[in-house]
Amino acid sequence: MDWKLELVNVPVADVDRARAFYTQKVGFNLDNDATVSDEIRFVQLTPPGSNCSIAIGAGLSDMEPGSQRGLQLVVEDIHAARAELAGRGVEVSDVDVFPWGSFVFFSDPDGNGWAVQQIPS
């Protein structure tokens, strides 16, 4: 039996601000933006090449905005990824190199924390 992780909730305070950040600055694809009711709005975004998406919205979770940590993207070229993020206006760290990979780090406007990793060859 396959067990596939396909959606991770990322709690945000301002859905439109977060949607713009993830699509315009980080480059995620907008898959869905649906207002289900007066209390619920569901926005699904997917990183290019990923089989797992994130969900942002209103009424989706009781997590505090900005409380999601440890989200990780994996890329082939950490320097190109850093340059792309910085070029889009994302405040991104310098490249940190560890025996288990090279990383850059950034946060969304609410403080949800992301790592981008290049796995060593």
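Scroll up to find the structure.
What you see is a predicted model; the values in this text were computed from it and never measured.

Quick notes on the pattern of salt bridges
In a structure, side chains of opposite charge can pair up when their charged atoms sit close to one another.
Stage number 1. Overall, the coordinates contain six salt bridges when judged by the stated rule.
Stage number 2. Here Asp 16 and Arg 41 are joined by a salt bridge, their closest N and O atoms 2.9 Å apart. Of this pair, Asp 16 sits in helix H1 (residues 15-25) while Arg 41 sits in strand S3 (residues 41-46), placing them 25 residues apart in sequence.
Stage number 3. The class for Asp 16 is partly exposed, based on a relative accessible area of 48%.
Stage number 4. A salt bridge links Asp 94 to Arg 82; its shortest N-O distance comes to 3.5 Å. Of the two residues, Asp 94 is situated in the loop between helix H2 (78-87) and strand S6 (96-98) and Arg 82 in helix H2; the sequence distance between them amounts to 12 residues.
Stage number 5. With relative accessibility at 58%, the residue Asp 94 sits in the exposed group.
Stage number 6. Residue Arg 82 is classed as partly exposed on the basis of its relative accessible area, which comes to 23%.
Stage number 7. Among the ionic contacts, a cluster of salt bridges with common partners joins Asp 16, Arg 19, Asp 33 and Arg 41.

As for the sheet that holds strand S4 (residues 53-58)
Stage number 1. The strand order across the open sheet formed by four strands is S1-S4-S3-S2, and the pairing between neighbours is mixed. The sheet is open, and its two edges are formed by strand S1 (7-9) and strand S2 (29-35), each paired on a single side. The sheet shows a mean angle of 25 degrees between the axes of neighbouring strands, taken without regard to direction.
Stage number 2. Two strands pair when backbone bridges link them, and S3 and S4 are joined in this way by five bridges, in the antiparallel orientation. Pairing of Gln 44 across the sheet is with Ala 55, part of S4.

A closer look at the layout of surface pockets
Stage number 1. By volume, the largest pocket amounts to about 500 Å³.
Stage number 2. Lining the largest pocket are 24 residues, with Phe 28, Pro 47, Pro 48, Leu 73 and Val 75 positioned closest to its centre.
Stage number 3. Every element with two or more residues in the lining of the largest pocket is listed here: S4, strand S5 (71-75), H2 and strand S8 (113-118).
Stage number 4. The element best represented in the lining of the largest pocket is S5, accounting for five residues.
Stage number 5. Looking at side-chain class alone, the lining of the largest pocket contains 17 nonpolar, four polar and three charged residues.

Definitions and limits used
Residues numbered from 1 in each chain as written. Predicted model: local features only at pLDDT ≥ 70, side-chain atom pairs only at ≥ 80, totals over all residues. Heavy atoms only, no water. Salt bridge = Lys/Arg side-chain N within 4 Å of Asp/Glu carboxyl O. Helix = DSSP H or I, 4+ residues; strand = E, 2+ residues; numbered from the N terminus. Buried < 20%, exposed > 50% of the residue type's maximum accessible area, 1.4 Å probe, protein only. Pairing = 2+ DSSP bridges. Axes fitted to C-alpha atoms, helices over the stretch in contact; angles between N-to-C directions. 1 Å grid on protein atoms, 1.4 Å probe; cavity = no way out; pocket = protein on both sides within 12 Å on 5 of 7 lines; lining within 4 Å. Points joined across faces, edges and corners; volume = space filled by probe spheres on them. Nonpolar A, V, L, I, M, F, W, Y, C, P; charged D, E, K, R; others polar.

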